[in-house]
Number of protein chains: 2
Amino acid sequence: MKPKLTLKKIAKELDVSISTVSKALRDSPEIGEETREKIKAFAKHYNYKPNNIALSLKNRKTKTIGIIIPEIVHHFFTTVISGVEKVANEMGYNVFVCLSDNSFDKEVLNMEMLANGSTDGFILSLAKETMQKGDYHHLIEAINQGMPLVLFDRVVENIACDKVIIDDVAGAKKAVQHLYDIGCRKIALISTVDYVSVGKLRTKGYKESLEENGLVYNEDLVLKVEEMEDSEAEISEFLKDKDVDGVFAVNEHFAISAIKAIQEQGKKVPEDVSVIGFTDGELSKRFIPSLTTVSQHGMRIGEESARLLIEKLERTPTEEDYYKTIIVETGLVVRNSTKSKK
Amino acid sequence: MKPKLTLKKIAKELDVSISTVSKALRDSPEIGEETREKIKAFAKHYNYKPNNIALSLKNRKTKTIGIIIPEIVHHFFTTVISGVEKVANEMGYNVFVCLSDNSFDKEVLNMEMLANGSTDGFILSLAKETMQKGDYHHLIEAINQGMPLVLFDRVVENIACDKVIIDDVAGAKKAVQHLYDIGCRKIALISTVDYVSVGKLRTKGYKESLEENGLVYNEDLVLKVEEMEDSEAEISEFLKDKDVDGVFAVNEHFAISAIKAIQEQGKKVPEDVSVIGFTDGELSKRFIPSLTTVSQHGMRIGEESARLLIEKLERTPTEEDYYKTIIVETGLVVRNSTKSKK
DNA sequence: TACTGCGACGAAAACGTTTTCGTGTTGAAA
DNA sequence: TTTCAACACGAAAACGTTTTCGTCGCAGTA
């Protein structure tokens, strides 16, 4: 109900000037001890808090970073957020999360919104629609305007900014290699359509690992799921009567759908077919059988992204500009959806 | 690289005054057509976008609402966010998401941050630690300062603000009634500690439903889980050799832990024991057996919350102030973790 | 000619800060 | 007594907008 205390009101109340109040509160030696204490006591008593907006306008910086993610249901993204928050808070920054819902328009809108003063820079994982369109003008514009940008996970090559990614190829190879090691020889791949960079790269890793182990790549064993919504039916159809002993899925949802399909055919996981996923989420941990997965260390990705961004923010603009790409190692978490080594 | 176009720069460039530029861009009839077109063309060409911070400062409103949630891993909260975003965007508002990580301090920090100009109001679900402490001074302060506040899900009684909740008691009764209807007579409850309001209320519903059906409340059949981390072990211990034919768990994690424990004892779900959860998340849908749950309609909760908040924001302050509590109906989603009716 | 009215634009205040640069009052040194 | 620091404080600009209220010139009217 009280209309917020300002410097001006304090000044009026205590019959001093605004500048005196400001200086007193910031412990300037310019102000006499008596006045200073009086002002500070008053401010404390009435719980004065400086107006952030005014500060931002004055300083031309907001001490805030934005993170735009395509969807929030993926556990991976939530861990990234945690990582970003962690280091941002340590460095005195606040974090605003925005969702693009995988929509190009919403991504652009969010960026414009954040770029017009609300934040000092942002961290972004591209929306699926954006990658499909291949339209990155909004990124370039932001960069040109001097907004630092860090891309993570779903990135695109020729944009001049820092990037934090995992080695999808290596991760996929790790997964397929593990399947090979436990004896699988007929290994299927369930991936996403190719314009999602991770789908493409993980497919590449799958191929390479097959080759390295002397297996041949067989198109019949590869499914590229189009629609997330119908993925379950599509996967079930794909696996029907297929002679496989291992499945590598590029995310945990696909992996679970695969397990269900396999069980419905009367086969057992992992005895008859071993299944391995990507992204270590809640589902992977708690499903029965629990899933062997390639873990992405979302937390670390978030931390690195935030570190890169803040580093850039706090550098004097005269320093040389160059861009880094940080690759965060993947790990392999072995659980019960794959046979044990023989 | 270019230091952002401002009204002042446009004015200088075109040799008119700042006010003229501002008016021209807002299509004021005060400005002659020729000048107006010239200015608009220039602005468009150089992609002028007004500075949000300056606007916020001037208008004393940000057209932004904040939502603070305790944790992001619960699918329920993510659906609430979606709901909030949906109606907020429709009404021309932006949404900032902040996490309290269930920590009291972080909740207070987030609120102060958001209250100092960044947002016009917020939507909040209380952190566990806050409810445990019972310290709500930060809420009261915010309200006193004229920041509208909407609480959802984890609310507290005597705070003067709008609230959006589900009828936890009724939802719990629905669940237990369903167990009764399919023939269960020895029904266990797995709940949280009582200071989490939902735990308390759902326990109440459990009791009431037992009574209504002529069953007696038996403390031995009730577990209040203390630590989320060790919940699995705790639940397993609790169910050991316990003679039950139905389990009502107040969230999906507990429900799944219960199913695991039951299966480990060599019993079958749902043949020997029926299990029902609360909150309809990803896990419930995809677990095997899929979970029968009480669904909370997070999307609608988010929508209602945003609607309430914006309504309050756009009302002239002279109008009468009173507070609503909206109760969103729960639904029962019957899946495979409960027997079918006989 | 003198007044009125209007079209087209500019000056300035305001939002809440911080900060630079005064300015007036002391007390002490010369 | 004069001069000069030191001290304690205030005025004002600046950040980027919007908006109210001029002001100026000119055409139309009496």
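Residues numbered from 1 in each chain as written. Chains lettered and ligands numbered in written order. Predicted model: local features only at pLDDT ≥ 70, side-chain atom pairs only at ≥ 80, totals over all residues. Heavy atoms only, no water.

**Q** Where do I start with the packing of aromatic side chains in this structure?
**A** Centre-to-centre distance and the angle between the planes together describe a pair of aromatic rings. One pass over the structure, following the stated rule, counts twelve aromatic pairs over all chains. Aromatic side chains A:Phe77 and A:Phe152 sit 6.1 Å apart centroid to centroid with 70 degrees between the ring planes, which places their arrangement in the edge-to-face category. Taken as a pair, A:Phe77 in helix H5 (residues 75-90) and A:Phe152 in strand E4 (residues 149-152) lie far apart in primary sequence, 75 residues in all. You'll find A:Phe77 and A:Phe152 in the same group, each marked buried. Ring centres 6.3 Å apart and planes at 75 degrees place the aromatic pair A:Phe287 and B:Phe287 in the edge-to-face group. Here A:Phe287 is found in the loop between helix H13 (282-286) and strand E10 (292-295), whereas its partner B:Phe287 is found in the loop between helix H13 (282-286) and strand E10 (292-295) on a different chain. (Phe/Tyr/Trp six-rings, centres within 6.5 Å; stacked < 30°, edge-to-face > 60°. Helix = DSSP H or I, 4+ residues; strand = E, 2+ residues; numbered from the N terminus. Buried < 20%, exposed > 50% of the residue type's maximum accessible area, 1.4 Å probe, protein only.)

**Q** Please clarify how the side chain of B:Asn116 should be interpreted in this entry.
**A** Mapped onto the elements, B:Asn116 comes out in helix H6 (residues 104-118). Classification of B:Asn116 as buried rests on a relative accessible area of 9%. Apart from the residues within four sequence positions on either side, B:Asn116 is in contact with A:Lys4, A:Lys49, A:Pro50, A:Asn51, A:Asn52 and A:Ile53. (Contact = heavy atoms within 4.5 Å.)

**Q** What is the right way to look at the protein's contact with DNA strand D in this model?
**A** Residues in contact with DNA strand D amount to 28 residues; listed here are only the nearest, A:Thr20, A:Lys23, A:Glu30, A:Gly32 and A:Thr35. For DNA strand D, the backbone portion of the atoms within 4 Å of the protein, that is sugar and phosphate, comes to 58%. Within the contact set of DNA strand D, a sugar or linking oxygen lies 3.1 Å away from a side-chain nitrogen or oxygen of A:Arg60. When residues in the surface near DNA strand D are grouped by element, the largest group, four residues, is from helix H2 (residues 18-25) of chain B. By residue class, the composition of the surface near DNA strand D is nine nonpolar, nine polar and ten charged. (Near = heavy atom within 4 Å. Polar contact = N/O pair within 3.5 Å; in protein donor to acceptor, adjacent residues only side chain to side chain. Nonpolar A, V, L, I, M, F, W, Y, C, P; charged D, E, K, R; others polar.)

**Q** I tried to follow the pairing of strand E9 (residues 274-278) of chain B on my own but got confused; where do I start?
**A** Residues and elements named next belong to chain B. The buried count for E9 comes to five of five residues, which makes it a mostly enclosed element. Residues Ser 274, Ile 276 and Phe 278 line one face of E9 and the alternating positions Val 275 and Gly 277 line the opposite face, and both faces are buried. Where strand E8 (residues 246-249) meets E9, three bridges bridge the pair, whose relative direction is parallel. In the strand pairing of E9, Phe 248 is matched with Ile 276. Crossover E8 to E9 through helix H12 (residues 252-264) is right-handed. Both E9 and E10 contribute to a ladder of three bridges, which runs parallel. Across the sheet, the residue bridging to Gly 277 is Thr 293, located in E10. (Pairing = 2+ DSSP bridges. Right-handed = clockwise from strand over helix to strand, strands pointing away.)

**Q** Sorry if this is basic, but what is going on with the relation of the copies chain B and chain A here?
**A** What relates the pair of chain copies is a rotation about an axis plus a shift along that axis. With an RMSD of 0.2 Å, the operation that places chain B on chain A is a rotation of 180 degrees combined with a shift of 0.0 Å along the axis. When the rotation and shift are considered jointly, the pair of chain copies conforms to a two-fold rotation axis. Comparing interface residues between copies, 100% of those in chain B also lie at the interface in chain A; the contact surface is shared. (Least-squares fit on C-alpha atoms with pLDDT ≥ 70 in both.)

**Q** So what exactly am I meant to see when it comes to the pattern of salt bridges here?
**A** A side chain with one charge can pair with a side chain of the opposite charge if their charged atoms come near. Residue and element names in this part refer to chain A. Tallied over the full model, the rule gives 44 salt bridges over all chains. The closest approach of N and O atoms between Lys 312 and Asp 162, which form a salt bridge, is 3.3 Å. Of this pair, Lys 312 sits in helix H14 (residues 298-313) while Asp 162 sits in strand E5 (residues 162-166); the two residues are 150 residues apart in sequence, bridging distant segments of the chain. Neither residue differs from the other here; Lys 312 and Asp 162 are each classed as buried. (Salt bridge = Lys/Arg side-chain N within 4 Å of Asp/Glu carboxyl O.)

**Q** What should I look at first to understand the interface of chain B and chain A in this one?
**A** When the parts of a complex come together, some accessible area is lost, and that lost area is often used as the size of the interface. Taken together, the contact between chain B and chain A spans 52 residues of the former and 54 residues of the latter. In terms of surface lost to chain A, no three residues of chain B exceed B:Ile53, B:Asn116 and B:Arg286, which account for 17% of the buried area on that side. Our count for the contact surface shared by chain B and chain A stands at six salt bridges. Residue B:Glu112 is joined to A:Lys49 by a salt bridge in which the shortest nitrogen-to-oxygen separation is 3.5 Å. Secondary structure elements with two or more residues in the side of chain B that touches chain A: helix H4 (52-59), helix H5 (75-90), strand E2 (94-99), H6, helix H8 (137-144), H12 and H13 of chain B. Tallied by class, the residues present in the side of chain B that touches chain A amount to 21 nonpolar, 19 polar and twelve charged. (Buried area = accessible area lost by both parts, 1.4 Å probe.)

**Q** Any chance you could explain helix H11 (residues 231-239) of chain A here in plain terms?
**A** The α-helix winds at 3.6 residues per turn, so residues separated by three or four positions along the chain end up facing the same way. Residues and elements named next belong to chain A. Among all positions of H11, only Ser 231, Ile 235, Phe 238 and Leu 239 are buried. Angular distribution of buried residues about the axis of H11 spans 90 degrees; they occupy a single face of the element. Away from its buried face, by an angle of more than 90 degrees, H11 presents the exposed residues Ala 233 and Glu 237. At its buried positions, H11 is contacted by strand E6 (187-192), strand E7 (222-225), strand E8 (246-249) and helix H12 (252-264). Phi turns positive, to about 55 degrees, at Asp 241, one or two residues after H11. (Arc of directions from axis to C-beta.)

**Q** Looking at this model, I keep getting lost on the protein's contact with DNA strand C. Mind explaining?
**A** Taken together, the neighbourhood of DNA strand C is formed by 28 residues, with A:Lys58, B:Thr20, B:Lys23, B:Glu30 and B:Gly32 sitting nearest. Sugar and phosphate atoms form 60% of the subset of DNA strand C atoms that lie within 4 Å of the protein. At 2.8 Å, a side-chain N or O of A:Ser22 approaches a phosphate oxygen of DNA strand C. Between DNA strand C and A:Tyr48, the relevant distance is 2.8 Å, taken from a phosphate oxygen to a side-chain nitrogen or oxygen of the residue. Secondary structure elements with two or more residues in the surface near DNA strand C: helix H1 (7-14), helix H2 (18-25) and helix H4 (52-59) of chain A together with H2 and H4 of chain B. Per-element tally for the surface near DNA strand C: the top contributor is H2(A), with four residues. Partitioning the surface near DNA strand C into residue classes produces nine nonpolar, nine polar and ten charged.

**Q** Help me understand H12(B), please; the structure alone is not making it clear to me.
**A** Residue and element names in this part refer to chain B. Taking 1.5 Å per residue as the helical rise, H12 with its 13 residues ought to reach 18 Å, and the 18 Å between its terminal C-alpha atoms agrees with that figure. For H12, the buried fraction is high: eleven of the 13 residues fall into the buried class. The N-terminus of H12 is capped by Asn 251, whose side-chain oxygen sits 3.0 Å from the backbone nitrogen of His 253. Two residues or fewer past H12, Gly 266 is found with a positive phi of approximately 85 degrees. (Expected span 1.5 Å × (residues − 1).)

**Q** Explain the state of the cysteines here, please?
**A** As used in these notes, a disulfide is a covalent bond between sulfur atoms, one from each of two cysteines. In the structure shown here, the tally under the stated rule is zero disulfides over all chains. Free of any disulfide, B:Cys98 has its nearest neighbouring cysteine sulfur in A:Cys98, separated by 10 Å. (Disulfide = S-S within 2.5 Å.)

**Q** Whenever I open this one, the packing of H2(A) against helix H3 (residues 33-45) of chain A confuses me. Can you help?
**A** Describing two packed helices takes the angle between their axes plus the distance from one axis to the other. Residues and elements named next belong to chain A. At a minimum axis distance of 9 Å, the contact between H2 and H3 shows a crossing angle of 85 degrees. For the element pair H2 / H3, the angle class is roughly perpendicular. Here Thr 20, Val 21, Ala 24 and Leu 25 of H2 lie close against H3, whose contacting residues are Thr 35, Arg 36, Ile 39, Lys 40 and Ala 43. A class-by-class count of the residues in the contact of H2 with H3 yields five nonpolar, two polar and two charged. (Axes fitted to C-alpha atoms, helices over the stretch in contact; angles between N-to-C directions. Parallel < 35°, antiparallel > 145°, perpendicular 65-115°, else oblique.)

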